[in-house]
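# Structural overview
Take a look at the letters that make up each chain.
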Amino acid sequence: MYHLSVNPEKQDILRKECLSVESITIKDLDKLKYLKACLLEALRLTPLLPIHSRVISEDMIVAGYHIPKDTLVLWSNNMLGMDESRFPESEKFLPERWLEHKKSIHPFSVRPFGHGPRMCIGKRFAELEIYIAMHRLMTNFHVNWMSAQPLTMSQKLLNTPDQRLDFQFNDL
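These lines cover the structure that appears in this document, whether it is placed above or below. Here, residues in each chain are numbered from 1, in the same order as that chain's written sequence. Local features are withheld for residues below a pLDDT of 70 in this predicted model, meaning they are given only at 70 or higher, and side-chain atom pairs are given and counted only at 80 or more; totals for whole chains, interfaces and linings count all residues. Side-chain metrics rest on all non-hydrogen atoms present in the structure, leaving aside hydrogens and water.

### With respect to a nonpolar patch on the surface
Patch construction takes residues with relative accessible area above 30% that form no salt bridge. Like charges are linked within 9 Å, and nonpolar side chains (Val, Leu, Ile, Met, Phe, Trp, Tyr) are linked within 5 Å. Surface accessibility follows the Shrake-Rupley procedure with a 1.4 Å probe radius. Residue values consider only the protein chains on display as shielding. Any carboxyl oxygen of Asp or Glu that lies within 4 Å of a side-chain nitrogen of Lys or Arg is treated as forming a salt bridge with it. A surface patch of nonpolar side chains, amounting to about 390 Å² of accessible area, comprises I51, V55, L72 and L74. For the nonpolar patch, the secondary-structure elements that each account for two or more residues are β1 (51-55) and β4 (72-76). Numbering of helices and strands runs from the N terminus; a helix is a DSSP stretch of H or I covering at least four residues, while a strand is a stretch of E covering at least two. The topology assignment puts I51 in strand β1.

### Details of the environment of Y131
Mapped onto the elements of the fold, Y131 is located in helix α7 (residues 123-140). Taking the C-alpha atoms as reference points, Y131 and L80, separated by 51 residues in sequence, lie 24 Å from one another. Throughout, a contact is declared for two residues whenever any of their heavy atoms are within 4.5 Å. Beyond its immediate sequence surroundings of up to four residues, Y131 is in contact with I24, L29, L35, K36 and L39.

### Thoughts on the environment of S85
One can find S85 in the loop between α5 (77-81) and α6 (97-100). Type-normalised accessible area, obtained with a 1.4 Å probe on protein chains alone, sets the label of each residue: buried when under 20%, exposed when over 50%, and partly exposed for intermediate values. Assessed through its relative accessible area of 65%, S85 is described here as exposed. Polar contact criterion, stated in full: a pair of N or O atoms within 3.5 Å, where within protein one must be able to donate a hydrogen and the other to accept it, and residues adjacent in sequence count only if both atoms are side-chain atoms. A distance of 2.7 Å separates a polar atom in the side chain of S85 from a polar atom in the side chain of D83.

### Examining the packing of aromatic side chains
Classification of ring pairs rests on two measures: the distance between centres of Phe, Tyr or Trp rings, Trp counted by its six-membered ring, which must be within 6.5 Å, and the angle between planes, read as stacked under 30 degrees, edge-to-face over 60 and tilted in between. As enumerated under the stated definition, the model contains 5 aromatic pairs in all. For the pair Y2 and W145, a centre-to-centre distance of 4.9 Å together with 85° between the ring planes defines the contact as edge-to-face. With Y2 in helix α1 (residues 2-5) and W145 in strand β5 (residues 141-145), the pair connects residues that are 143 residues apart, well separated along the chain. By relative accessible area, Y2 is classed as buried at 14%. For W145, a relative accessible area of 12% puts it in the buried group. With centroids separated by 5.9 Å and ring planes inclined at 75°, the aromatic side chains of F141 and F169 adopt a geometry described as edge-to-face. With F141 in strand β5 and F169 in strand β8 (residues 167-171), this residue pair connects regions lying 28 residues apart in the sequence. Here the aromatic residues Y2, F141, W145, F167 and F169 are joined through ring pairs into a cluster of three or more. Above the plane of the ring of F87 lies R44, whose end atom (NZ or CZ) is 5.0 Å from the centre. In this analysis the charged atom, NZ for Lys or CZ for Arg, is taken to sit over a ring once it is within 6 Å of the ring centre and within 35 degrees of the ring normal.

The structure is reproduced here in structure tokens:
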């Protein structure tokens, strides 16, 4: 919601899409492509988990490097999401990149819920809840960020805002 509130032109595009779908059913979710792109882009810029980790179950070669079995491997969602070689203009909120260039984005560049057998079991439920909440917000309110400062995050177990979430909701 933060990224939409500080990018009113993106919020207007999303609102137009949400207003075109009166009530959300599973079938209607396929029509909300910009909403899905907004969520992916928001999770790229402000991932919930700063780092994923796995213990490698067998020896492997990655990019020419040998990684022995039982090695703890970490990858940073924050670093991957801000990598200019993967995401040009990485500091900008550009949901369109997920619509126009999705095939050129490596599928593991943004994995906010993890992947494979240890993926978050609540992924689908969380996404549905976010889609429904954002659809309702966009069809009923214009959202503004009221703080003079941009949102900043603290890295703990989860990335969390280190300030008050100061939104204003104006009726449409």
